[in-house]
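# Working through the structure, step by step
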Amino acid sequence: MTRIQGRVPPYVALVVAAVAQGAALVAAGLLITHPPAGWWDPGEKGLVGWLAAHRTPGLTTASEWLSTIAFTPAIVAVTATVAVLLLLRHRRRAAVLLAGAVTLQAVLFVSAAHLVDRARPDVVRLDGSLPTSSFPSGHVGAATALYGGLGLLALHAVRGRWRVPLCALAWAVPVLVAASRLYRGMHHPTDVLFGVLNGAAALWVVAHALPARARRAPAVPAETPHPPAALVYNPLSVDDALLERLAAVLVAHGYAPPRRLPGEAEDCGRAAAERALADGARLVAACGGDGTVTACAEALAGTGAVLAVVPCGTGNLLARNLGLPTDPEAALTAALTGRTRRIDLMRAEGDGLDGRAAAVMAGMGLDAAVMADTGAALKRRLGWPAYAVGIARHLGDRRFALTVAVDGAEPVRRQVRMAVVGNVGTLQGGVRLLPDAAPDDGLLDLVLVQPHGLRGWGGTALSLLTGRRRPGPAAPLEHFRGRRIELTADRARPRECDGDPVGDGRVLALTVRPDALLVRVPGTSASDASAAVEVPDASAATRPAAAPASAAAAGPAGTERKRVA
């Protein structure tokens, strides 16, 4: 994601962005309260009046508690406490993010409230007369900046299945506070809406004004010899400054200055990886998203050369599933100080789709439609949350008829929203879409997402969050496993491989390529650390790394096997 301090000093960029945010907030407030030519009624009395007429003792008490946690003393106390705890844990950036966002939204709230000077709703107000005007809601803005920031920290810092529920709980607080302020008659609906936008924008501005983290790679013995290495990168997501830092990480670990090879849009970097191999590189660091990583993996498969995954894209699913950090420099450091592991790849084929590799997931239906409708510029700006726009657009798409054949067994027919075949199973936020998937088990995992209506989508979300599965074709999520999985739709449907659209078609067939790739992963023991600098030599290329599709399909269907990395 491009940071706003790239060409100007951070404090200048922060001031410019804050002034722009404040100007937009004031302009919106004046348009709402003084509509040109009377185009709309700025009163917005309907919802607030209805809530005031339907108050109950229980809801009044609950709204009082919710408003209390967003009052200035509570916000200041929680922000200060969390910031101190983060500083004690040497998380300075996180502490500055929370404190800075809360402070910025407060300054802009006070300024906008004074300039817009909107009257509060003409109902019985349960909090009396406050010194500030109605637009925007300070309670909601502060809650969004604080608890929205805590949700982001939970999403990035917490490991395991609790990260998503904790994030959802934190993000629910501003929504509940907004509802309480409307219920108590303190704000119009647009006041709370722009309170949310003010808090969220403050988080974005402060996060992108923070200087990039500087990391010093741990030194390694100078006498340790290393074969040549290369950096293959996506020029749209990796700039010169990041390339310099990644090259410095390699040099600090005993490598000679690496070649830097930009990938082409036509092949996502495969030709660049092949040039690196031709020049003698035995370690290739793929710097980009899953498309760049897969292109490099396809070039390296079966050669004995080793792949280092450096996440610089939108999804970065392979990096997440291998346990690598999301920061590019930290990921490369973890790879170089870790161990080498053999993992499987997939071969994807279909009508109008020549055989191509996939390392993560391939699918047909809703997921592919979302990938196709999400622009590259939006992904660079927002990261993986950009997919939410496409999801909202396609959530109402009709189910379609799909025939599934696994390892040549009798086909089954289903009505689905989408079908996803994976070599790995974890999505962003730790969501386990394919709970049994492992990148080195010689098997592919398939999930059919087939909810019925809004209630079905709720059951699907619950299954993903809790990990509980209900077997059978009536379940919202139905799972299959095998070495070859062939999907045949009733008509041409959107298809994707590792997040890249591959054109509409009726058929998508995936075949496992066991042990096809050598990849660096974080170490898990002292013995891993001692082997951190080992890279297989050219003789590794003679080992049977990638079994042909015919061999992969042989053997009893559903056989599961685990290998020691």
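Conventions adopted
Residues numbered from 1 in each chain as written. Predicted model: local features only at pLDDT ≥ 70, side-chain atom pairs only at ≥ 80, totals over all residues. Heavy atoms only, no water. Phe/Tyr/Trp six-rings, centres within 6.5 Å; stacked < 30°, edge-to-face > 60°. Lys NZ or Arg CZ within 6 Å of the ring centre and 35° of its normal. Core = buried A, V, L, I, M, F, W, Y, C linked by side-chain atoms within 4.5 Å. Buried < 20%, exposed > 50% of the residue type's maximum accessible area, 1.4 Å probe, protein only. Contact = heavy atoms within 4.5 Å. Helix = DSSP H or I, 4+ residues; strand = E, 2+ residues; numbered from the N terminus. Pairing = 2+ DSSP bridges. Axes fitted to C-alpha atoms, helices over the stretch in contact; angles between N-to-C directions. Disulfide = S-S within 2.5 Å. Patch = residues over 30% accessible without salt bridge, like charges linked within 9 Å, V, L, I, M, F, W, Y side chains within 5 Å. Areas by Shrake-Rupley, 256 points an atom, 1.4 Å probe, with all protein chains shown as cover. Salt bridge = Lys/Arg side-chain N within 4 Å of Asp/Glu carboxyl O. Parallel < 35°, antiparallel > 145°, perpendicular 65-115°, else oblique. Left-handed = near helix turned anticlockwise from the far one by under 90°. Nonpolar A, V, L, I, M, F, W, Y, C, P; charged D, E, K, R; others polar.

A few words now on the packing of aromatic side chains. Ring pairs (aromatic) are described by centroid distance and by the angle formed between their planes. Applying the stated criterion across every chain, the model contains one aromatic pair. Against the face of phenylalanine 71 rests arginine 181, its NZ or CZ located 6.0 Å from the ring centre.

This part is about the nonpolar core. Counting 69 residues, the largest nonpolar core has Cys287, Leu300, Leu307, Val309, Leu318 and Leu332 as the members making the most contacts within it. Among residues more than four places away in sequence, those in contact with leucine 318 are Asp290, Val293, Val309, Ile343, Ala359, Val360 and Val424. Grouped together as the second largest cluster of nonpolar side chains are 35 residues, Ala101, Leu146, Ala178 and Val205 included.

Take the side chain of asparagine 316 next. Looking at where asparagine 316 falls in the secondary structure, it is placed in the loop between β4 (306-311) and α12 (317-321). Since its relative accessible area comes to 10%, asparagine 316 is described here as buried. Sequence-distant contacts of asparagine 316, that is, excluding residues within four places in its chain, are made with Gly288, Gly289, Asp290 and Pro311.

Next up on the list: the sheet that holds strand β15 (residues 500-501). Within the open sheet, the six strands sit side by side as β12-β11-β10-β7-β14-β15. Their pairing is antiparallel. Each edge of the sheet is formed by a strand with only one pairing partner; in this case those strands are β12 (477-482) and β15. Pairing analysis gives five bridges linking strand β7 (residues 361-365) to strand β10 (residues 418-422), with the strands arranged antiparallel. What sits directly across from methionine 364, in β10, is alanine 419. Its contacts with the sheet place helix α14 (residues 366-373) against β7, β10, β14 (495-497) and β15, and it is angled at close to 95 degrees to β7.

Before going further, it helps to examine the state of the cysteines. Cysteine pairs can be covalently joined through their sulfur atoms, and such a bond is termed a disulfide. Within this structure, the stated rule accounts for zero disulfides. Looking at cysteine 296, it has no disulfide partner, and the nearest cysteine sulfur is the one in cysteine 287, 8.2 Å off.

Quick look at a nonpolar patch on the surface now. Nonpolar side chains collect at one region of the surface, where Val84, Leu85 and Leu88 lie side by side and expose about 300 Å² of accessible area between them. On the secondary structure map, leucine 85 appears in helix α4 (residues 72-88).

For the coordinates displayed, the defined rule picks out 17 salt bridges. Measuring nitrogen to oxygen at the nearest pair gives 3.0 Å for the salt bridge that ties arginine 260 to glutamate 244. Separated by 16 residues along the polypeptide, arginine 260 in strand β2 (residues 259-262) and glutamate 244 in helix α9 (residues 240-252) bring together distant segments of the chain. Residue class for glutamate 244 comes out partly exposed when judged on its relative accessible area of 46%. Linked by salt bridges that have partners in common, Arg347, Glu349, Arg484 and Glu486 make up one network.

Counting buried residues along helix α11 (residues 290-300), 11 of its 11 residues qualify, which places the element largely inside the surrounding structure. Along α11, the residues classified as buried are Asp290, Gly291, Thr292, Val293, Thr294, Ala295, Cys296, Ala297, Glu298, Ala299 and Leu300. Looking one or two residues past α11, glycine 302 carries a phi angle of roughly 80 degrees, positive in sign.

Here valine 206 shows up in helix α8 (residues 189-209). Sequence separation of valine 206 and alanine 17 is 189 residues, and the distance between their C-alpha atoms is 9.2 Å. Among all residues touching valine 206, those that are not within four sequence positions of it are Val96, Leu97, Gly100, Ala101 and Leu104.

What follows covers the side chain of aspartate 191. Within the secondary structure layout, aspartate 191 lies in helix α8. Apart from residues lying up to four places away in sequence, aspartate 191 is in contact with Arg118, Ser134, Phe135, Pro136 and Ser137.

When two helices pack together, you describe them by how their axes are tilted relative to each other and by the distance separating the axes. One way to put it is that helix α5 (residues 92-116) packs onto helix α6 (residues 138-157) with a least axis distance of 9 Å and a crossing angle of 165 degrees. Between α5 and α6, the crossing angle belongs to the class labelled roughly antiparallel. Crossing of α5 over α6 shows right-handed handedness. In this structure, α5 contributes Ala94, Leu98, Ala101, Val102, Gln105 and Phe109 to the contact, and α6 contributes Gly138, Gly141, Ala142, Ala145, Leu146, Gly149, Leu150 and Leu153.

Taken residue by residue, a regular strand's side chains alternate between the two faces of the sheet. Burial analysis of strand β11 (residues 444-449) places six of its six residues in the buried class, which makes it a mostly covered element. Pairing geometry for β10 and β11, over five bridges, is antiparallel. When the sheet's bridge partners are listed, valine 420 is paired in β11 with valine 447. Pairing geometry for β11 and β12, over six bridges, is antiparallel. Within β12, the residue paired with valine 447 across the bridge is histidine 479.

For the pair α6 and α8, the least separation of the axes is 7 Å and the interaxial angle reads 40 degrees. As judged from the angle between their axes, α6 and α8 are oblique. For the element pair α6 and α8, the recorded crossing hand is right-handed. Facing α6, whose interface residues are Val140, Gly141, Thr144, Ala145, Gly148 and Gly149, α8 presents Val192, Gly195, Val196, Gly199, Ala200 and Leu203. Class assignment of the residues belonging to the contact of α6 with α8 gives a composition of six nonpolar, six polar and no charged.

Assignment of secondary structure puts proline 501 in strand β15. On the basis of relative accessibility, which here comes to 45%, the residue proline 501 falls in the partly exposed class. The spacing of proline 501 and alanine 372 is 129 residues in sequence and 5.7 Å in space, taken between C-alpha atoms. Apart from residues no more than four positions distant in its own chain, proline 501 is found in contact with Met371, Ala372, Arg495 and Glu496.

Geometric values such as these leave the question of function open.
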